[in-house]
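# Reading the structure
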Amino acid sequence: DGGITQSPKYLFRKEGQNVTLSCEQNLNHDAMYWYRQDPGQGLRLIYYSQIVNDFQKGDIAEGYSVSREKKESFPLTVTSAQKNPTAFYLCASGTGHTDTQYFGPGTRLTVL
Amino acid sequence: KNEVEQSPQNLTAQEGEFITINCSYSVGISALHWLQQHPGGGIVSLFMLSSGKKKHGRLIATINIQEKHSSLHITASHPRDSAVYICAAVSGSRLTFGEGTQLTVNP
């Protein structure tokens, strides 16, 4: 089946550790996105990539890093520099900003 | 003030009721998305529209570009419609999301 997957669904890490969240899509989409969702707030864009080997910062990129070595994959690393990493992280893919985005199931990260 | 505002924040209805969720935005947009997020967190795209009205089953979305306002209507609501509904405005190359409306439909 075509779709977008994220793993793991729940992730626990100790403060100060880097952690990488996986996002894979087999929809042949050029564009991929990472969002963060916090209670009472709308989704906020962390990073996005419109083509392989290229990516741009979103609104809240500080403390995060990404790579886009393959069209299918867009992993997000939450570094120890991110001051409030506990959140729900959503990955999405699409054919462009103005078109429908397809969301993954999300990863809930808790930093202890 | 958020660029995209939704109302109400929370909405409780009885099965069968007609439901309206509103979205207002303050930026110029090229399109607007309506999304549905279920309790597990997964998000599904319901509509993308740039003018007029779209209908899919019991869901209807309208947009008035001049008034910078969009509405999502659910006819004959059902408990399975219980979810968070999110509008997102497309401006330039970015999406700006509203905070969401939590809808609970009781049997």
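Data block above holds the structure.
Summarised in this report is the structure supplied together with it. Every residue gets a number counted from 1 within its own chain, in the order that chain's sequence is written. Chains and ligands are labelled by the order in which they are written, letters from A for the one and numbers from 1 for the other. It should be noted that, the model being predicted, local features are given only for residues of pLDDT at least 70 and side-chain atom pairs only at 80 or more, the latter also being counted only at that level, while totals for whole chains, interfaces and linings use all residues. Calculation of side-chain values draws on the structure's entire complement of heavy atoms; hydrogens and water are dropped beforehand.

## Let's talk about the interface of chain A and chain B
This is how it is decided: By definition, residues are in contact when any of their heavy atoms lie within 4.5 Å. Accessible area that two parts lose when put together, with a 1.4 Å probe and added across both, is what the buried area reports. The term polar contact refers here to a pair of N or O atoms within 3.5 Å; inside protein, the definition further demands a hydrogen-donor-capable atom paired with an acceptor-capable atom, and it admits residues adjacent in sequence only when both atoms are side-chain atoms. Put simply, DSSP marks the helices as runs of H or I at least four residues long and the strands as runs of E at least two long, and each gets a number from the N terminus on. All amino acids are sorted into three groups, where Ala, Val, Leu, Ile, Met, Phe, Trp, Tyr, Cys and Pro are nonpolar, Asp, Glu, Lys and Arg are charged, and the leftover types, Gly among them, are polar.
Across the contact, 22 residues belong to chain A and 19 residues belong to chain B. Buried surface at the junction of chain A and chain B, summed over both partners, amounts to about 1500 Å²; 54% is from carbon and sulfur atoms. At the junction of chain A with chain B, the criterion picks out one residue pair in polar contact (both at pLDDT 80 or more). Looking at the side of chain A that touches chain B, the elements with two or more residues in it are strand E4 (31–37), strand E5 (44–51), strand E9 (87–94) and strand E10 (101–103) of chain A. Of the residues contributing to the side of chain A that touches chain B, the split by class is eight nonpolar, ten polar and four charged.

## What about the state of the cysteines?
Inclusion rule: Cysteine sulfur atoms that come within 2.5 Å of each other are treated as a disulfide pair. The rule is simple: take the accessible area with a 1.4 Å probe, protein chains only, and divide by the maximum for that residue type; under 20% is buried, over 50% is exposed, in between is partly exposed.
Enumeration according to the criterion identifies two disulfides over all chains in this entry. Put simply, Cys23(A) and Cys91(A) are joined by a disulfide, and their sulfur atoms are 1.8 Å apart. Around the S-S axis, the bridge from Cys23(A) to Cys91(A) shows a dihedral of about -75° and counts as left-handed. In this pair, Cys23(A) is assigned in strand E3 (residues 19–25) and Cys91(A) in strand E9, connecting sequence segments 68 residues apart. For Cys23(B), the disulfide goes to Cys87(B), at an S-S distance of 2.0 Å. Between Cys23(B) and Cys87(B), the disulfide has an S-S torsion of 75° and is therefore right-handed. Of this pair, Cys23(B) sits in strand E3 (residues 19–25) while Cys87(B) sits in strand E9 (residues 83–91); the two residues are 64 residues apart in sequence, bridging distant segments of the chain. Pair check on accessibility: Cys23(B) and Cys87(B) agree, each one buried.

## Topic: the side chain of Thr107(A)
Residues and elements named next belong to chain A. Of note, Thr107 is situated in strand E11 (residues 107–111). With relative accessibility at 0%, the residue Thr107 sits in the buried group. Looking at Thr107, its side chain comes within polar contact range of the main-chain oxygen of Pro8, at 2.6 Å. The contact partners of Thr107, leaving out residues within four places of it in the chain, are Gln6, Ser7, Pro8, Lys9, Leu11, Leu21, Ala87, Phe88 and Tyr89.

## Digging into the nonpolar core
All names here are of chain B. Under the convention used in this document: Note on terminology: a nonpolar core comprises buried Ala, Val, Leu, Ile, Met, Phe, Trp, Tyr and Cys residues joined through side-chain atoms within 4.5 Å.
The biggest cluster of nonpolar side chains holds 23 residues, and the ones touching the most others in it are Ile19, Ile29, Leu32, Trp34, Phe47 and Tyr85. Looking at this core, the elements with two or more residues in it are E3, strand E4 (31–37), strand E5 (43–49), strand E7 (59–64), strand E8 (69–74), E9 and strand E11 (101–106). If sequence neighbours within four positions are ignored, Leu32 has contacts with Cys23, Tyr25, Phe47, Met48, Leu49, Ile63, Ser70, Cys87 and Ala88.

## Structural notes on the environment of Arg44(A)
With respect to the helices and strands, Arg44(A) occurs in strand E5. For the pair Arg44(A) and Thr95(A), spaced 51 residues apart in the sequence, the C-alpha separation amounts to 19 Å.

## Observations regarding unusual backbone geometry
The residue after Ser7(A), namely Pro8(A), is reached through a cis peptide bond having omega -10°. Relative to the helices and strands, Pro8(A) resides in the loop between strand E1 (4–7) and strand E2 (10–13). In the segment running from Ser7(B) into Pro8(B), the intervening peptide bond is cis, with an omega of -5°. Along the polypeptide, Pro8(B) turns up in the loop between strand E1 (4–7) and strand E2 (10–14).

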